[in-house]
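For reference, the chains in residue letters:
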2 protein chains.
Amino acid sequence: MRRYSSGLRQAGKTIAFVPTMGFLHQGHLSLMEKGKALSDHVVVSIFVNPTQFGPNEDLAAYPKDEDRDLEMTRKTGVDAVFLPDARQMYPDGFQTVVSLKALPKHLCGLSRPGHFDGVATVVTKLLGIVRPHTAIFGEKDFQQLAIIRQMVKDLEMGIDIVGAPIVREADGLAISSRNMYLTTDQRQSARCLYQALTTSRQLVKDGETNADAIIRAAAARISAYPETTIDYIAICDPQTLDNVPVVNGLVRMALAVKVGKSRLIDNMMLTQ
Amino acid sequence: MRRYSSGLRQAGKTIAFVPTMGFLHQGHLSLMEKGKALSDHVVVSIFVNPTQFGPNEDLAAYPKDEDRDLEMTRKTGVDAVFLPDARQMYPDGFQTVVSLKALPKHLCGLSRPGHFDGVATVVTKLLGIVRPHTAIFGEKDFQQLAIIRQMVKDLEMGIDIVGAPIVREADGLAISSRNMYLTTDQRQSARCLYQALTTSRQLVKDGETNADAIIRAAAARISAYPETTIDYIAICDPQTLDNVPVVNGLVRMALAVKVGKSRLIDNMMLTQ
């Protein structure tokens, strides 16, 4: 992988990189399309990273379909796919961790301890191997994007981190590989995330500035659907992820809701 | 710095990097000479990194002489000196830490908690900015060298880490900026480190394999000198730094001794 990348760099070509855990969907494809638009070559990695799964999160059950993934990358015009295995990524003696002090102490980081250490470390490794000019991450994992931006800046990696907009189903549900676990009824309930976000955005547009009031309205919207359990609803600063009590300036709403057993996340800017 | 380095890389030139905390001495100059021998260009950084000083270690008292340092690098034929300040290296919002799980739990890491997190993080940053082909570190800071080797491998930085032999005074004392704090009497006592190492090496040559026996003999050699306090004496595996109870195969002795108030370190292979 590194030889391939060095060759391109020496030939003056630019490389966009899209790291994934496979089981690709329209969201991933939009990242690849963005990569094609930004760079001469697009590299995709497929690696289900064990270190970002918690002890209660089922790594073994993570869906896989390598043939289908490769076919999709081929059709999308990706130039190279990097598929390391866990033994190559984490050989005996491996012991280095990249961690951030503040950004993981918000949103999903609170209910997934250690998750973002795993993400930061594996992304550092992948960026080191692939050595792209640009790396593209979906805004759906908004906290992940904020963490990677900060990490790349802090560690002086010299790589442009680009966020790509969330891709949604017709009814607004953000596309995710977790959606396939939803029953027909749960799929109906899953619309609550997008509806909570658009309801909140409308409230802000109508002049509401009290974050608690907006969050209460969003919570009511979600709770109106069966089989939903709110993990968090937050209105936060998009850089620091700190909670914002009064909406003025740029703020983002982020939420995590369990629908049945599937934990879904979504987020949206509340202000323009 | 990055532009300078990119320019050299695009012109097909190789870069050797010698990170320092300044107040240069013969030890540093030997690293620069090694860099010249290995690469087209040599870059030296001078940065007294605050994050590797503990709360009881006096950052403000760390010796500085920038004019003298620059003169020495000029005479040695260094191509560029990078002198960032702490505000550039650690701006507001900086929060990323690179840490290793096992290697810092030995030797100096035990009496300097957090020190090697600071070292690993700043070296990652400097390697990201300077982007050398090779980076050169002195074997005097043997644990630091082992940690950086492991980190560069773990995080896939794609940089050759080269160790350079310890430079010693005529009587064997390893050259260090801390030596200047020694009184005339303490300077005599400071010979104990090298003598403990050579005594131990001779014992191994004579057939002794019991690490405890060797360490006891080294301790006796050190304690024979006034104003000495042993911090640690260890016989360890040079890769893992784990203590080795029976000497067979490659082992290194590492020691830290306070002479007066100055904490001196040294190390040596006991086997060939």
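Parameters at a glance
- Chains are numbered independently. Their residues run from 1 in the order of the written sequence.
- Labels are handed out in written order, letters beginning with A for the chains and numbers beginning with 1 for the ligands.
- Whole-chain, interface and lining totals are the exception, using all residues; otherwise, since this is a predicted model, local features are given only for residues with pLDDT of at least 70 and side-chain atom pairs are given and counted only at 80 or more.
- Working definition of a contact: two residues with C-beta atoms, positioned from the backbone, lying within 7 Å.
- Put simply, DSSP H or I for four residues or longer makes a helix, DSSP E for two residues or longer makes a strand, and each gets a number counted from the N terminus.
- By the convention adopted, Pro, Cys, Tyr, Trp, Phe, Met, Ile, Leu, Val and Ala count as nonpolar, Lys, Arg, Asp and Glu as charged, and the other residues, Gly among them, as polar.
- Here, a strand pair is defined by DSSP locating no fewer than two bridges between the strands.
- Labels follow a simple rule on C-beta atoms placed from the backbone: if 20 or more others lie within 10 Å of a residue's own, it is buried; if 12 or fewer, it is exposed; otherwise it is partly exposed.
- Every axis in this analysis is a line fitted to C-alpha atoms, fitted for helices over the stretch in contact. Angles between the N-to-C directions lie between 0 and 180 degrees.
- Angles are sorted into four bins: roughly parallel if under 35 degrees, roughly antiparallel if over 145, roughly perpendicular if 65 to 115, and oblique for all others.
- Throughout, a crossing is termed right-handed when the near helix is turned clockwise from the far one, and left-handed when it is turned anticlockwise from it by less than a right angle.
- As used throughout, domain bounds are those supplied by an automatic or database domain assignment.
- Least-squares superposition aligns the copies on the C-alpha atoms of those residues with pLDDT at or above 70 in both.
- A set of buried residues drawn from Ala, Val, Leu, Ile, Met, Phe, Trp, Tyr and Cys, joined through C-beta atoms within 7 Å, is what defines a nonpolar core.

With that settled, the discussion passes to the interface of chain B and chain A. Facing the 22 residues of chain B at the interface are 22 residues of chain A. Secondary structure elements with two or more residues in the side of chain B that touches chain A: strand S4 (96-100), helix H6 (115-130) and helix H7 (142-154) of chain B. Ranked by residue count, the leading element in the side of chain B that touches chain A is S4 of chain B, at 5 residues. Residues of the side of chain B that touches chain A, tallied by class, amount to 10 nonpolar, 7 polar and 5 charged.

A regular strand places its side chains so that they alternate between the two faces of the sheet. All names here are of chain A. Bridging between strand S8 (residues 252-259) and strand S9 (residues 262-269) involves 8 bridges; their strand directions are antiparallel. Looking across to S9, one finds that Ala 254 is bridged to Asn 267. Between S8 and the antiparallel strand that follows it, S9, lie 2 residues; Gly 260 among them carries a positive phi value of about 60 degrees.

This next bit is on helix H3 (residues 66-76) of chain B. Think of an α-helix as 3.6 residues a turn; residues three or four steps apart then line up on the same face. The buried count for H3 of chain B comes to 1 of 11 residues, which makes it a mostly uncovered element. One or two steps after H3 of chain B, the chain reaches Gly 77 of chain B, where phi turns positive at roughly 85 degrees.

Axis angle and axis distance: for two packed helices, these are the angle between their axes and the distance between the axes, and together they describe the pair. All names here are of chain B. It is the contact of H6 with H7, at a shortest axis distance of 10 Å, that shows an interaxial angle of 50 degrees. By the angle between their directions, the pair H6 and H7 is classed as oblique. Handedness of the H6/H7 crossing: right-handed. From H6, Phe 116, Val 119, Ala 120 and Val 123 reach across to H7, where they touch Gln 144, Ile 147, Ile 148 and Met 151. Each residue belonging to the contact of H6 with H7 can be placed in one class, and the counts come to 7 nonpolar, 1 polar and no charged.

Next up on the list: the domain arrangement of chain A. Residues and elements named next belong to chain A. Domain annotation of chain A identifies domain 1 (2-164) and domain 2 (177-269). Using C-alpha coordinates to define each centre, domain 1 is positioned 26 Å away from domain 2. Contacts between the two partners involve 12 residues from domain 1, matched on the other side by 13 residues from domain 2. Put simply, the parts of the chain that give the side of domain 1 that touches domain 2 at least two residues each are helix H5 (107-111) and helix H7 (142-154). Grouping the amino acids of the side of domain 1 that touches domain 2 by side-chain chemistry returns 7 nonpolar, 4 polar and 1 charged.

Moving on to the sheet that holds S8 of chain A. All names here are of chain A. Taken in spatial order, the 3 strands of this open sheet run S7-S8-S9, and their pairing is antiparallel. Since the sheet does not close on itself, it has two edges, and those belong to strand S7 (228-236) and S9, each with one partner. Taking each pair of neighbouring strands and ignoring which way they run, the sheet shows an average axis angle of 15 degrees. Each of S7 and S8 touches helix H10 (residues 211-223); the most contacted strand, S7, lies at about 155 degrees to it.

Residue and element names in this part refer to chain B. The sheet built from 3 strands is open, its strands ordered S7-S8-S9 with antiparallel pairing. At either end of the open sheet lies a strand with only one pairing partner, and these are strand S7 (228-236) and strand S9 (262-269). The average angle at which neighbouring strand axes cross in this sheet is 15 degrees, direction not considered. Across 8 bridges, S7 lies against strand S8 (residues 252-259) in antiparallel orientation. Across the sheet, residue Ile 230 finds its bridge partner in S8, namely Val 257.

By the criterion of burial, S4 of chain B is predominantly enclosed, with 4 of the 5 residues buried. Bridge count between strand S4 (residues 96-100) of chain A and S4 of chain B: 5 bridges; the pairing is antiparallel. Counterpart to Leu 100 of chain A in the pairing with S4 of chain B is Thr 96 of chain B.

Mapping chain B onto chain A calls for a screw motion: a turn of 180 degrees about the axis and a shift of 0.0 Å along it, with 0.0 Å RMSD after fitting. Taken together, the rotation and translation relating the two chain copies correspond to the operation of a two-fold axis. The C-alpha atom lying nearest the rotation axis in chain B is that of Val 98 of chain B; the distance is 2.3 Å. Here 100% of the interface residues in chain B have copies in chain A that are interface residues too; the copies meet face to matching face.

On to the nonpolar core, then. Of all hydrophobic cores here, the largest spans 144 residues; its most connected members are Ile 147, Ile 235 and Leu 255 of chain A together with Ile 147, Ile 235 and Leu 255 of chain B. Once you skip the residues sitting within four places of it in the chain, Ile 147 of chain A turns out to touch Leu 100, Leu 103, Pro 104, Phe 116, Val 119 and Ala 120 of chain A.

All names here are of chain A. Unlike most non-glycine residues, Phe 23 shows phi in positive territory, near 50 degrees. In this fold, Phe 23 is placed in the loop between strand S1 (15-20) and helix H2 (26-38). Taking the number of C-beta atoms within 10 Å as the measure of exposure, Phe 23 has 18 and is therefore partly exposed. The backbone of Glu 227 shows a phi angle near 65 degrees, a positive value even though the residue is not glycine. Mapped onto the fold, Glu 227 is located in the loop between H10 and S7.

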